[in-house]
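Below are the chains, spelled out letter by letter.
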Amino acid sequence: MPGIRAPVNYSEEPDRHPALKINAKQPFNAEPPRQALVSSYVTPTEFFYKRSHGPIPVVDDLQRYSVSFNGLIDKPKELFMKDIMSLPKYNVTATLQCAGNRRTAMSKSRTVRGVGWDVAALGNAIWGGAKLADVLELVGIPKLTSTTPSGGKHVEFVSVDRCKEENGGPYKASIPLSQATNPEADVLLAYEMNGETLNRDHGYPLRVVVPGVIGARSVKWLDSINIDSQVCQGFFMQKDYKMFPPSVNWDNIDWSTRRPQMDFPVQSAICSLEDVNVGKYGKFHLEKEWSAFDPNITEKNVPVLSLACLIAIKGYAVSGGGRGIERVDISSDGGKTWKEASRYQKPGVQYVTDDEKSDKWAWVLFEAEADVHSNTEIVAKAIDTAANVQPEKVEDVWNLRGILNTSWHRVQVQVRHSNM
Ligand SMILES: Nc1nc2c(c(=O)[nH]1)N[C@H]1C(S)=C(S)[C@@H](COP(=O)(O)O)O[C@H]1N2
Ligand SMILES: [Mo]
């Protein structure tokens, strides 16, 4: 018995924060209210989105839990928690983003298949654990290896949880061996999140964190690692999480024509405002009021801008592959004119792209304000260090699975005049 098991039903799910917006109950998929994301650079674990494909595994005996290494290596090995924890520990601040983030907005343009998400299917955490490059070295694969002598080129992660997409088999994904053995890629086998032991929802006792890559490759509840000559053939690598052009539909789809999505493109969203906001424009101009996150906010209780004319615009911007955010542009006239937002990671410290002190795998929060006197649309778009820019229209990136909606984020502000 390996000390960890996958429950057959949902009777052993962990407790979760009541403010999470549940997009699917079984398997559990939930995101925080968007305001929660901009109230801190590091997302508190309880507000970090949770994306699962089956019941959450249960650890019965941590002493007996181990990860086995198989496939194209000299000889199979088994590592226990104590072996992994005896390797140097690294803390990597990285934003994990589900490829389905902002899917609900994409489905409004044309129907897509998949769990609906607003703009909060991502979070920024400090992940603590061993570098996969060190772990692989321990089992006999040197650093910076792209092919093993026996032809291994990919590292496949197999989990404990069971999901229906795999016909009751485990969740799986792979990354290239060259990335896995490169210490600078910062791929972790993480046992901590935000300074605490990983919790069950996020992969306890051990998960993979692949910085800069769509969340789907950061396999939770790790069971085994296979070194393989080919990319993982599992459902989530081959029949899901691939980007198709808008002309492909469920009748003409050929999954084999596209590669599994890895890096995510440049993304940003406004989080201090809902999609539709009603502001009361009164007699006096109020001091600017950054909307603080209130855990009592529910969907039915959307914050109304109180006497808004000077509107605080706060949000996040992030790009994949370790590309930093070069600029965030904000428009308060629907995209006709733009001004640059200020960016930060540590509160109060201006973010400098590519600076040694900036976290390359993490998001950047941004702030701007707009003086609004009549109904308008506020828009955000980010530009990364490769000068990649978010596409203007969701229609241009529409795809049948509804992944990677990175179109300009637009929110409506309606101004009502009042005498209060
Ligand atoms: N074992 C396992 N790993 C998994 C998943 C899963 O369902 N099972 N979901 C993946 C997806 S699609 C995402 S976006 C992230 C979500 O991680 P989180 O729940 O810690 O936010 O985990 C990934 N790893
Ligand atoms: Mo995901």
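Scoring rules and cut-offs
- Residues numbered from 1 in each chain as written.
- Chains lettered and ligands numbered in written order.
- Predicted model: local features only at pLDDT ≥ 70, side-chain atom pairs only at ≥ 80, totals over all residues.
- UniProt positions renumbered as here; feature names shortened; annotations may be inferred.
- Helix = DSSP H or I, 4+ residues; strand = E, 2+ residues; numbered from the N terminus.
- Near = placed C-beta within 6 Å.
- Nonpolar A, V, L, I, M, F, W, Y, C, P; charged D, E, K, R; others polar.
- Pairing = 2+ DSSP bridges.
- Axes fitted to C-alpha atoms, helices over the stretch in contact; angles between N-to-C directions.
- Buried ≥ 20, exposed ≤ 12 C-beta atoms within 10 Å, placed from the backbone.
- Contact = placed C-beta atoms within 7 Å.
- Core = buried A, V, L, I, M, F, W, Y, C linked by C-beta atoms within 7 Å.
- Domains from an automatic or database assignment.

The name an unreviewed UniProt entry assigns to the protein chain is Sulfite oxidase, from the organism Tanacetum coccineum. The Cofactor (unreviewed entry) comment attached to the protein chain in UniProt states, word for word, "Mo-molybdopterin".

J.: Is there a simple way to think about the UniProt feature "domain: Moybdenum cofactor oxidoreductase dimerisation" (unreviewed entry) in the protein chain in this case?
T.: What UniProt calls "domain: Moybdenum cofactor oxidoreductase dimerisation" (unreviewed entry) maps, in this numbering, to residues 310-415. Within residues 310-415, the helical portion is 0% and the strand portion 42%, while the C-alpha atoms at the span's ends are 12 Å from each other.

J.: Help me out: how do you make sense of the site of ligand 1 in this one?
T.: Taken together, 19 residues lie near ligand 1, and His-53, Cys-98, Ser-159, Tyr-171 and Gly-215 sit nearest. Looking at the shell around ligand 1, its residues break down into eight nonpolar, six polar and five charged.

J.: Just to check I follow, could you spell out the sheet that holds strand 3 (residues 29-31) for this structure?
T.: Picture the strands of a sheet paired through backbone hydrogen bonds; they go either parallel or antiparallel. An order of 2-3-4 is seen for the three strands of this open sheet, with the pairing classed as antiparallel. Whereas interior strands pair on both sides, the edge strands pair on one side only; in this sheet they are strand 2 (21-24) and strand 4 (50-51). Bridge count between strand 3 and strand 4: two bridges; the pairing is antiparallel. Bridging from a neighbouring strand, Ala-30 pairs with Lys-50 of strand 4.

J.: Even after reading the chapter, I still don't get the UniProt feature "domain: Oxidoreductase molybdopterin-binding" (unreviewed entry) in the protein chain, so can you show me in this structure?
T.: The residues that UniProt annotates with the feature "domain: Oxidoreductase molybdopterin-binding" (unreviewed entry) are residues 53-235. Secondary structure content for residues 53-235 is 13% helix and 36% strand, and the end C-alpha separation is 12 Å.

J.: I keep staring at the sheet that holds strand 11 (residues 169-176) and nothing clicks. Help me out?
T.: An order of 7-6-15-10-11 is seen for the five strands of this open sheet, with the pairing classed as mixed. This sheet does not close on itself; its edge strands, each paired only once, are strand 7 (77-80) and strand 11. The mean inter-strand angle of the sheet, taken between neighbouring strand axes irrespective of direction, is 25°. Summarising the sheet, strand 6 (residues 66-71) and strand 15 (residues 222-228) pair through four bridges and their orientation is parallel. What sits directly across from Ser-68, in strand 15, is Ser-224.

J.: Would you mind going over the environment of Gly-324 with me for this structure?
T.: Looking at where Gly-324 falls in the secondary structure, it is placed in the loop between strand 18 (310-318) and strand 19 (325-331). The exposure class assigned to Gly-324 is buried, which follows from the 22 C-beta atoms found within 10 Å. Through-space distance from the C-alpha of Gly-324 to that of Asp-251 is 38 Å; in sequence the pair is 73 residues apart. Leave out the neighbours within four places in its chain, and Gly-324 touches Thr-353, Asp-354, Ser-358, Lys-360, Asp-384 and Thr-385.

J.: Can you walk me through the nonpolar core in this structure?
T.: One broad rule of soluble globular proteins: the nonpolar side chains tend to lie buried together. Counting residues in each nonpolar core, the largest one holds 103 residues, and the members touching the most others are Val-187, Leu-188, Leu-189, Val-209, Tyr-316 and Ala-317. Taken domain by domain, this core gets at least three of its residues from each of domain 1 (4-257) and domain 2 (267-417). If we skip the residues at most four places from it in the chain, Leu-188 touches Tyr-90, Val-92, Trp-127, Gly-129, Ala-130, Lys-131, Leu-132 and Val-209.

J.: Could you clarify how one ought to interpret the pairing of strand 2 in this entry?
T.: Looking along a regular strand, one sees the side chains alternate between the two faces of the sheet. Summarising the sheet, strand 2 and strand 3 pair through three bridges and their orientation is antiparallel. Its bridge partner lying in strand 3, Ile-22 is registered against Ala-30. Hairpin connection of strand 2 to strand 3: four residues between the antiparallel strands.

J.: Explain unusual backbone geometry here, please?
T.: What you tend to see is this: most non-glycine residues have negative phi, and most peptide bonds are trans. Residue Pro-27 is bonded to the preceding Gln-26 through a cis peptide linkage, with omega at -5°. Positive phi outside glycine occurs at Asn-167, with the angle close to 55°. Topologically, Asn-167 is positioned in the loop between strand 10 (154-163) and strand 11. Judged by C-beta crowding, with 8 C-beta atoms within 10 Å, Asn-167 ranks as exposed. Positive phi, close to 60°, is recorded for Asp-186, a residue that is not glycine. Looking at where Asp-186 falls in the secondary structure, it is placed in the loop between helix 5 (177-180) and strand 12 (188-193). Classification of Asp-186 as buried rests on a count of 22 C-beta atoms within 10 Å.

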